[in-house]
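Remarks on the overall topology
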Number of protein chains: 2
Amino acid sequence: MDTKQIAQRLVDLCRAGKNDEAHDTLYSSDIVSTEASSPPGMPAETKGMEAIRRKGEWWVQNHEIHSATAKGPFTLGDRFAVLFQYDVTPKMGPGGGKRMQMEEVALYTVKDGKIVREEFMY
Amino acid sequence: MDTKQIAQRLVDLCRAGKNDEAHDTLYSSDIVSTEASSPPGMPAETKGMEAIRRKGEWWVQNHEIHSATAKGPFTLGDRFAVLFQYDVTPKMGPGGGKRMQMEEVALYTVKDGKIVREEFMY
């Protein structure tokens, strides 16, 4: 698959709530994931599939997700961007129990047919 | 100004239709601008302020712009993204006279307090 096909497949899987399948089939095992900021005790940059899975589990376990939408993909060369919009209630922490709307731009880099980098901008 | 301040200022000026002022005050004279694709006869990558201005003029002269909105900015380190949504009618070309909605993610890189790179993803 080329970058446009990978980008569309990622968006389709995220829209279907199949984030794990997206990781398993589209990500390189050397994936690097970077966040604009990170919760206490969690690094802003993680590496490898196991770290990505743990981050995904943390997100699901710590938020009640009312809805999640994905806009895009927007492609340029070997990179693409997706705008994610979430309607969630964090289960704990400073905003715990308070329903909120969040938006982020995820920027992905593809190499040799796999996503090797994801960066979350907000 | 730091990256977040530059990002917010750019969005504010674009929303006010003051793109020229954004270029004059926030851009480095060595700005590099990259498009995911480009019209016939126009390069995908341009360099320098004069090229940026010509591109902006081309856009305004060749489109009737009914509305333009900017969502963001979304920041990560020395980069930020903005989602632009346009409601336009191209004046000529294959889609000439046909009103259309366009979206793009613009990705900006800041160095030494100025925007040195803009990349348009679609």
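Structure: above.
Cut-off values and rules
Residues numbered from 1 in each chain as written. Chains lettered and ligands numbered in written order. Predicted model: local features only at pLDDT ≥ 70, side-chain atom pairs only at ≥ 80, totals over all residues. Helix = DSSP H or I, 4+ residues; strand = E, 2+ residues; numbered from the N terminus. Rg over C-alpha atoms; globule rule 2.2 N^0.38 Å. Buried ≥ 20, exposed ≤ 12 C-beta atoms within 10 Å, placed from the backbone. Contact = placed C-beta atoms within 7 Å. Least-squares fit on C-alpha atoms with pLDDT ≥ 70 in both. Expected span 1.5 Å × (residues − 1). Arc of directions from axis to C-beta. Core = buried A, V, L, I, M, F, W, Y, C linked by C-beta atoms within 7 Å. Pairing = 2+ DSSP bridges. Axes fitted to C-alpha atoms, helices over the stretch in contact; angles between N-to-C directions. Parallel < 35°, antiparallel > 145°, perpendicular 65-115°, else oblique. Left-handed = near helix turned anticlockwise from the far one by under 90°.

On a plain count of helices and strands, chain A comes out with three helices and six strands. Of the regular secondary structure in chain A, the N- to C-terminal order runs α-α-β-β-α-β-β-β-β. A globule of 122 residues ought to have a C-alpha radius of gyration of about 14 Å, and chain A, at 14 Å, matches this closely. When the backbone C-alpha atoms are referred to their principal axes, chain A occupies close to 40 × 25 × 25 Å. A total of 122 residues make up chain A; the buried ones form 23% of that total. Across chain A, contacts joining residues at least 24 apart in sequence account for 45% of those joining residues at least 6 apart.

On to the relation of the copies chain B and chain A, then. Least-squares fitting of chain B to chain A yields an RMSD of 0.0 Å, with the transformation described by 0.0 Å of translation along the axis and a rotation of 180°. Given the turn and translation reported, the copies of this chain are related as if by a two-fold rotation axis. Comparing contact sets, 100% of the residues at the interface of chain B also lie at the interface in chain A, consistent with an isologous, same-surface contact.

Moving on: helix 1 (residues 3-15) of chain B. Residues and elements named next belong to chain B. Under the 1.5 Å per step criterion, the end-to-end length of helix 1 is 18 Å for 13 residues, consistent within 8% with the ideal 18 Å. Listed as buried for helix 1 are Thr-3, Ile-6, Ala-7 and Leu-10. Down the axis of helix 1, the buried set is contained in an arc of 100°. They therefore lie on one face. Across helix 1 from its buried face, at more than 90 degrees, point the exposed residues Lys-4, Gln-5 and Arg-15. Of the surrounding elements, those touching the buried residues of helix 1 are helix 2 (19-26), strand 3 (63-76), strand 4 (79-90), strand 5 (100-111) and strand 6 (114-121). One or two steps after helix 1, the chain reaches Gly-17, where phi turns positive at roughly 75°.

Right, let's get into the interface of chain B and chain A. Every contact between the two is made by 14 residues of chain B and, on the other side, 14 residues of chain A. Listing elements by their share of the side of chain B that touches chain A, those giving two or more residues are strand 3, strand 4, strand 5 and strand 6 of chain B.

Here we take up the nonpolar core. A:Ala81, A:Val105, B:Ala81 and B:Val105 are the most contacted members of the largest nonpolar core, which totals 40 residues. If we skip the residues at most four places from it in the chain, A:Ala81 touches A:Gly72, A:Pro73, A:Phe74, A:Val105, A:Ala106, A:Leu107, B:Ala81, B:Val105 and B:Met121.

What follows deals with the environment of A:Lys91. All names here are of chain A. Its place among the elements puts Lys-91 in the loop between strand 4 (79-90) and strand 5 (100-111). Judged by the 12 C-beta atoms lying within 10 Å of it, Lys-91 is exposed. The spatial distance from the C-alpha of Lys-91 to the C-alpha of Ala-44 is 21 Å, given a sequence separation of 47 residues. Excluding residues within four positions of it along the chain, Lys-91 makes contact with Asn-62, His-63, Glu-64 and Gly-96.

Attention now goes to the sheet that holds strand 1 (residues 27-35) of chain A. Residue and element names in this part refer to chain A. In space, the six strands of this open sheet follow the order 2-1-6-5-4-3, with mixed pairing throughout. At either margin of the open sheet sits one strand with a lone partner, and together these are strand 2 (45-47) and strand 3 (63-76). This sheet shows a mean twist of 20° between the axes of neighbouring strands, independent of strand direction. Relative to strand 6 (residues 114-121), strand 5 runs antiparallel, the two being bridged by seven bridges.

Attention now goes to the sheet that holds strand 6 of chain B. All names here are of chain B. Taken together, the six strands give an open sheet; going across it, the order is 2-1-6-5-4-3, and neighbouring strands pair in mixed fashion. Both edges of this open sheet fall to strand 2 (45-47) and strand 3, since each of them pairs with a single strand only. Here the average twist between neighbouring strands, direction ignored, is 20°. Across the sheet, helix 1 is in contact with strand 3, strand 4, strand 5 and strand 6; its angle to strand 3 comes to roughly 165°. Helix 3 (residues 49-62) rests against strand 1 (27-35), strand 2, strand 3 and strand 4 of the sheet, and its axis sits at about 50° to strand 1.

Moving on: the packing of helix 1 of chain B against helix 2 of chain B. Residues and elements named next belong to chain B. One way to put it is that helix 1 packs onto helix 2 with a least axis distance of 8 Å and a crossing angle of 155°. Classified by the interaxial angle, the pair formed by helix 1 and helix 2 is roughly antiparallel. The interaxial crossing formed by helix 1 with helix 2 has right-handed handedness. Seen from helix 1, the contacting residues are Ile-6, Arg-9, Leu-10, Leu-13 and Cys-14; seen from helix 2, they are Asn-19, Glu-21, Ala-22 and Leu-26.

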